[in-house]
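# Tertiary structure, described
Here are the chains, one letter per residue:
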Amino acid sequence: MLGALLIVTRGEAQISPLQLEVGGGAWIPNADLVGAPGFGGEASAGASFGVHFILKRGFISYVVGFSEHRFGCTQVQCGEEVDFVSTAWDLGVRVNFRQEGIMPWVSLGASAAVVDAHVDSGSVVLTEASDRGWGYEVGAGVLVPLRGPFFINPGVRYGRNDVDFTGRGTLETRYIVVDVGLVLAF
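Now for a quick tour of the structure. (Residues numbered from 1 in each chain as written. Predicted model: local features only at pLDDT ≥ 70, side-chain atom pairs only at ≥ 80, totals over all residues. Heavy atoms only, no water.)

Helix and strand counts for the protein stand at two helices and nine strands. Starting at the N terminus and walking to the C terminus, you meet the elements of the protein as α-β-β-β-α-β-β-β-β-β-β. Dimensions of the protein, computed from C-alpha atoms along their principal axes, come out at roughly 65 × 25 × 25 Å. Across the 186 residues that make up the protein, the buried fraction comes to 40%. Considering only contacts within the protein whose residues lie at least 6 apart along the sequence, 61% involve residues at least 24 apart. Counting only carbon and sulfur atoms, one obtains 65% of the accessible surface of the protein, whose full area is about 9400 Å². The positive charge centre, built from 12 side chains, and the negative charge centre, built from 19, are 14 Å apart in the protein. (Helix = DSSP H or I, 4+ residues; strand = E, 2+ residues; numbered from the N terminus. Buried < 20%, exposed > 50% of the residue type's maximum accessible area, 1.4 Å probe, protein only. Contact = heavy atoms within 4.5 Å. Areas by Shrake-Rupley, 256 points an atom, 1.4 Å probe, with all protein chains shown as cover. Lys, Arg positive; Asp, Glu negative; His and termini not counted. Charge placed at Lys NZ, Arg CZ, Asp CG, Glu CD.)

This is how it looks when you write it as structure tokens:
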């Protein structure tokens, strides 16, 4: 009985159905960038962050929010020195395997992204923006309770997003995001 008092868990009635998650981590390319001349080649890893609202209903959680991924490509790799910033609106569903304590989950989501390409042409950095492109992410993680209304949420996601650049064609990205989120249940 003493051990039960030392384990930090919350009863289902105490876990708020509305949660705010702020997370950060790394965007790691899973394949070369392809499809857009001057932008195709081996991408480098970069930072990733996001802010999401989560509505938990039993074993299902609905996720909506915003994410930004940064990655680059050198002139040797892509033909041009390019820094990319992918800004996306995210919508998805998580399936929770438990409803209390440490909660593993899997997810499936869609993203609507715009990619800004900052091209270094020597003395000037030019910016090219893509049209909005649709993609998807599948992931897994675990929601771990801390104290009070706070949780941490480490996870990993695989994603794909294709965006069109006027005059260049479609840029295809395949990536893995590894991140940790701080969750506030209110």
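Back to the text.
Time to look at the pattern of salt bridges. A side chain with one charge may pair with a side chain of the opposite charge, provided their charged atoms come close. Taken as a whole and assessed by the stated rule, the structure comprises nine salt bridges. Ionic pairing is found between Arg157 and Glu137, a salt bridge with its closest N-O pair at 2.7 Å. With Arg157 in strand S8 (residues 150–165) and Glu137 in strand S7 (residues 133–145), this residue pair connects regions lying 20 residues apart in the sequence. Each member of the pair Arg157 and Glu137 is classed as buried. Bridged by salt links that share partners, the residues Arg160, Asp162, Glu172 and Arg174 form one connected network. (Salt bridge = Lys/Arg side-chain N within 4 Å of Asp/Glu carboxyl O.)

Turning our eyes to something else, we now look at the nonpolar core. Most often, soluble globular proteins keep nonpolar side chains buried together rather than apart. Counting residues in hydrophobic clusters, the biggest one holds 18 residues, and the most contacted among them are Phe39, Phe84, Phe165 and Leu171. Of all the secondary structure elements, the ones that give two or more residues to this core are strand S3 (60–73), strand S4 (81–96), strand S5 (103–120), S8 and strand S9 (169–185). If near-sequence neighbours (up to four positions away) are discounted, Phe165 is found in contact with Phe39, Val115, Ala117, Glu128, Ala129, Ser130 and Leu171. With five residues, the next largest nonpolar core counts Leu143, Phe151, Val183 and Ala185 among its residues. (Core = buried A, V, L, I, M, F, W, Y, C linked by side-chain atoms within 4.5 Å.)

Here we come to the environment of Val163. Among the structural elements, Val163 can be located in strand S8. For Val163, a relative accessible area of 4% corresponds to the buried category.

With respect to the element layout, Ser107 can be found in strand S5. For Ser107, a relative accessible area of 17% corresponds to the buried category. Each residue touching Ser107, except ones within four places of it in the same chain, is listed here: Val93, Arg94, Glu137, Val138 and Gly139.

In this section: the environment of Ile60. Relative to the helices and strands, Ile60 resides in strand S3. We classify Ile60 as partly exposed; its relative accessible area is 28%. For Ile60 and Gly92, which are 32 residues apart along the polypeptide, the C-alpha to C-alpha distance reads 11 Å.

If you trace the backbone, Ala129 turns up in strand S6 (residues 125–129). Judged by its relative accessible area of 48%, Ala129 falls in the partly exposed class. Remark: the alpha-carbon pair of Ala129 and Gly24, spanning 105 residues in sequence, is separated by 24 Å. Residues within four places of Ala129 in sequence aside, it is in contact with Val115, Asp116 and Phe165.

Quick look at the side chain of Ser67 now. Following the sequence through the fold, Ser67 ends up in strand S3. Take Ser67: its relative accessible area is 3%, and that puts it in the buried class. Of the polar contacts made by the side chain of Ser67, one reaches the side chain of Asp90; its length is 2.9 Å. Leave out the neighbours within four places in its chain, and Ser67 touches Phe49, Gly50, His52, Ser86, Thr87, Ala88 and Asp90. (Polar contact = N/O pair within 3.5 Å; in protein donor to acceptor, adjacent residues only side chain to side chain.)

Applying the stated criterion across every chain, the model contains eight aromatic pairs. A centroid spacing of 6.1 Å and a plane angle of 65° characterise the contact between Phe66 and Trp89, whose relative ring orientation is edge-to-face. Of this pair, Phe66 sits in strand S3 while Trp89 sits in strand S4, and the two are 23 residues apart along the sequence. By the ring-pair criterion, three or more aromatic residues cluster together here, those being Trp27, Phe39, Phe71, Phe84, Phe165 and Tyr175. Cation over ring: Arg94 sits above Trp105, and NZ or CZ is 4.4 Å from the ring centre. For the cation-ring pair, Arg168 lies above Phe39, with the distance from its terminal atom to the ring centre recorded as 4.0 Å. (Phe/Tyr/Trp six-rings, centres within 6.5 Å; stacked < 30°, edge-to-face > 60°. Lys NZ or Arg CZ within 6 Å of the ring centre and 35° of its normal.)

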